[in-house]
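Results of the structural survey
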Amino acid sequence: MSHWVTGPFWKYQLPQMGHSESTIRKAMIGLSKYHEGCERFRVTMSTGRGIDETDTDVLTNGVEEYNTAVSQLAKLIAQGKSTDLVALITCALFVILEVGWGKFPTAIMHIHNGVKILDRWKTKLLVANPAIIEGSLEQSVIDLFRSITHQISL
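All told, the structure shown has four salt bridges when counted by the stated rule. For Asp 84, the salt bridge goes to Arg 120, with nearest N and O atoms at 2.6 Å. Taken together, the positions of Asp 84 in helix α4 (residues 84–101) and Arg 120 in helix α5 (residues 104–128) put the pair 36 residues apart, joining distant regions of the chain. Classification of Arg 120 as partly exposed rests on a relative accessible area of 44%. Between Asp 84 and Lys 124 there is a salt bridge, and its shortest N-O distance comes to 3.1 Å. Pair noted here: Asp 84 is in helix α4 and Lys 124 is in helix α5, with a separation of 40 residues, a long-range link.

Set out below in structure tokens:
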């Protein structure tokens, strides 16, 4: 995933946001569990021992955390307590998970919602600060959505 956003996003910015925002933290944990399951599955396949029922849980790894993150984010948005930045980061993690699980229609729904939030957020951001600093969290989030959506104009 690090090829989607270069710089400090995956190593520093995302973990810092996850430390203070439980919705992002839950989505990160879900993504980590999914990744761990994929790695376990890859090792199993490379050893040639075959697949058993404990190896097929790759598609369910992280689902509980994902569901919690979706629920938390929905509540925060309904209460007006979620910032656009938190919603965008969480949404991007949701897209990655849904694609990994092969749930493409849901991933597309998250992309669609994320792009709507991104458009609103960028408008407010550019009014307050016309120059977005390269390497900033804001630029990293824009770059991540540009990579996910393959849209140059973001």
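Now that the structure is up, let's keep going.
The contact between α4 and α5 brings their axes to 9 Å, and the two run at 160 degrees. What the angle tells us is that α4 and α5 run roughly antiparallel. Along this stretch, α4 crosses α5, giving a crossing that reads as left-handed. Seen from α4, the contacting residues are Asp 84, Leu 85, Ala 87, Leu 88, Cys 91, Phe 94, Val 95, Glu 98 and Val 99; seen from α5, they are Phe 104, Thr 106, Ala 107, His 110, Ile 111, Gly 114, Ile 117, Leu 118, Arg 120, Trp 121 and Lys 124. The class makeup of the residues in the contact of α4 with α5 is 13 nonpolar, three polar and four charged.

A few words now on the packing of helix α1 (residues 9–20) against α4. Packed helix pairs are specified by the crossing angle of their axes together with the interaxial distance, meaning the distance between the axes. Contact geometry of α1 with α4 gives a least axis separation of 11 Å together with a crossing angle of 115 degrees. Classified by chirality, the crossing of α4 by α1 is left-handed. Where α1 approaches α4, its residues Trp 10, Leu 14 and Met 17 are matched on the opposing element by Leu 85, Val 86, Ile 89, Leu 93 and Ile 96.

Let's shift gears to the packing of aromatic side chains. What describes a pair of aromatic rings is the distance from one ring centre to the other and the angle between the planes of the rings. Taken as a whole, this structure holds four aromatic pairs when the rule is applied. When the ring of Phe 9 is compared with that of Trp 10, the centres are 5.0 Å apart and the planes differ by 80 degrees; the resulting orientation is edge-to-face. A residue is classified by how much of its surface remains accessible, and Trp 10, at 18% relative accessible area, is buried. Considering the side-chain rings of Tyr 34 and Trp 101, the 6.3 Å spacing of their centres and the 85 degrees angle between planes classify their relative orientation as edge-to-face. In this pair, Tyr 34 sits in helix α2 (residues 22–47) while Trp 101 sits in helix α4, placing the two residues 67 residues apart along the sequence. Given the relative accessible area of 14%, Tyr 34 is considered buried. Taken together, the aromatic side chains of Tyr 34, Tyr 66, Phe 94 and Trp 101 make up a single cluster linked through ring pairs.

Cut-offs used in this document
Residues numbered from 1 in each chain as written. Predicted model: local features only at pLDDT ≥ 70, side-chain atom pairs only at ≥ 80, totals over all residues. Heavy atoms only, no water. Salt bridge = Lys/Arg side-chain N within 4 Å of Asp/Glu carboxyl O. Helix = DSSP H or I, 4+ residues; strand = E, 2+ residues; numbered from the N terminus. Buried < 20%, exposed > 50% of the residue type's maximum accessible area, 1.4 Å probe, protein only. Axes fitted to C-alpha atoms, helices over the stretch in contact; angles between N-to-C directions. Parallel < 35°, antiparallel > 145°, perpendicular 65-115°, else oblique. Left-handed = near helix turned anticlockwise from the far one by under 90°. Contact = heavy atoms within 4.5 Å. Nonpolar A, V, L, I, M, F, W, Y, C, P; charged D, E, K, R; others polar. Phe/Tyr/Trp six-rings, centres within 6.5 Å; stacked < 30°, edge-to-face > 60°.

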